[in-house]
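Notes for the structure review
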Amino acid sequence: MKIQGRLFLWLSLFVLVVAVVYGYWSREVAGTVALFLAFGLALMIGFYLSFTARRMDELAQDNKEADVADEAGEVGFFSPHSWAPVSLGAGGALAFLAVAMGWWLLYFSAPLIMLGLWGWVFEYYHGENRNQ
């Protein structure tokens, strides 16, 4: 994480220099503001990664003599049978389609999104997976 933090901090410095030079030469407001916002975003990410890396043990990616297998292991738990992402995807697609076709489509997308969120949050509180 230390390397990624440094990369983002250096990227934020580069984007700041580009924003100042672009703003001075072009006198264009929208691009200059966008570059300053990109500077802020890169700075926040770099600060977070550096802040977190100081409080964690050294990871294999920070060790120059580390092997690929040093970070091997369990990545996490992923539900193999969840239908909630299908509902969220359909509701999200309808919501984005509502912007182009008509806002009335939000009446159909909101229940799908709410149903998907409810299912995703509570999928391990009932049924055969209640004890997980």
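Procedures and definitions
Residues numbered from 1 in each chain as written. Predicted model: local features only at pLDDT ≥ 70, side-chain atom pairs only at ≥ 80, totals over all residues. Heavy atoms only, no water. Helix = DSSP H or I, 4+ residues; strand = E, 2+ residues; numbered from the N terminus. Rg over C-alpha atoms; globule rule 2.2 N^0.38 Å. Phe/Tyr/Trp six-rings, centres within 6.5 Å; stacked < 30°, edge-to-face > 60°. Buried < 20%, exposed > 50% of the residue type's maximum accessible area, 1.4 Å probe, protein only. Lys NZ or Arg CZ within 6 Å of the ring centre and 35° of its normal. Expected span 1.5 Å × (residues − 1). Contact = heavy atoms within 4.5 Å. Polar contact = N/O pair within 3.5 Å; in protein donor to acceptor, adjacent residues only side chain to side chain.

**With respect to the overall build of the protein**
Helix and strand content of the protein: 4 helices and 0 strands. For the protein, the succession of helices and strands along the chain, N to C, is α-α-α-α. At 22 Å, the protein has a C-alpha radius of gyration far larger than the 14 Å of a compact globule built from 132 residues. The dimensions of the protein, computed from C-alpha atoms along their principal axes, are 55 × 50 × 20 Å.

**Describing the packing of aromatic side chains**
Each aromatic ring pair is summarised here by two numbers: the centre-to-centre distance and the angle between the ring planes. One pass over the full model with this rule turns up 3 aromatic pairs. When the ring of Trp 104 is compared with that of Phe 108, the centres are 6.2 Å apart and the planes differ by 90 degrees; the resulting orientation is edge-to-face. For Trp 104, a relative accessible area of 48% puts it in the partly exposed group. Considering the side-chain rings of Trp 118 and Phe 122, the 5.8 Å spacing of their centres and the 50 degrees angle between planes classify their relative orientation as tilted. Of this pair, Trp 118 and Phe 122 both sit in helix α4 (residues 106–122), separated by 4 residues, roughly a single helical turn. Judged by its relative accessible area of 34%, Phe 122 is partly exposed. In this structure, Arg 55 packs its charged tip against the face of Phe 51, placed 3.9 Å from the ring centre.

**Topic: helix α2 (residues 29–54)**
Over its 26 residues, α2 extends 37 Å from the first C-alpha to the last, a length consistent with the 38 Å expected when each residue adds 1.5 Å. Among the residues of α2, Gly 31, Thr 32, Phe 39, Ala 42, Gly 46, Leu 49, Ser 50, Thr 52 and Ala 53 are the ones counted as buried. Elements in contact with the buried residues of α2: α1 (2–26). Its side-chain oxygen 3.3 Å from the backbone nitrogen of Ala 30, Glu 28 forms the N-cap of α2.

**So, the environment of Trp 103**
Structurally, Trp 103 can be placed in the loop between α3 (84–101) and α4. In sequence terms Trp 103 and Val 18 are 85 residues apart; their C-alpha atoms lie 40 Å from each other.

**Thoughts on the environment of Arg 54**
Tracing the chain through its elements places Arg 54 in helix α2. What makes Arg 54 exposed here is its relative accessible area of 56%.

**Topic: unusual backbone geometry**
The residue Arg 27 is not glycine, and still its phi comes out positive at about 55 degrees. Mapping Arg 27 onto the fold places it in the loop between α1 and α2.

**Quick word on the side chain of Glu 123**
Position of Glu 123 relative to the elements: it lies in the segment after α4. Among the polar contacts listed, one links the side chain of Glu 123 to the side chain of Ser 82, at a separation of 2.9 Å. Dropping the residues within four chain positions of it, Glu 123 is found in contact with Ser 79 and Ser 82.

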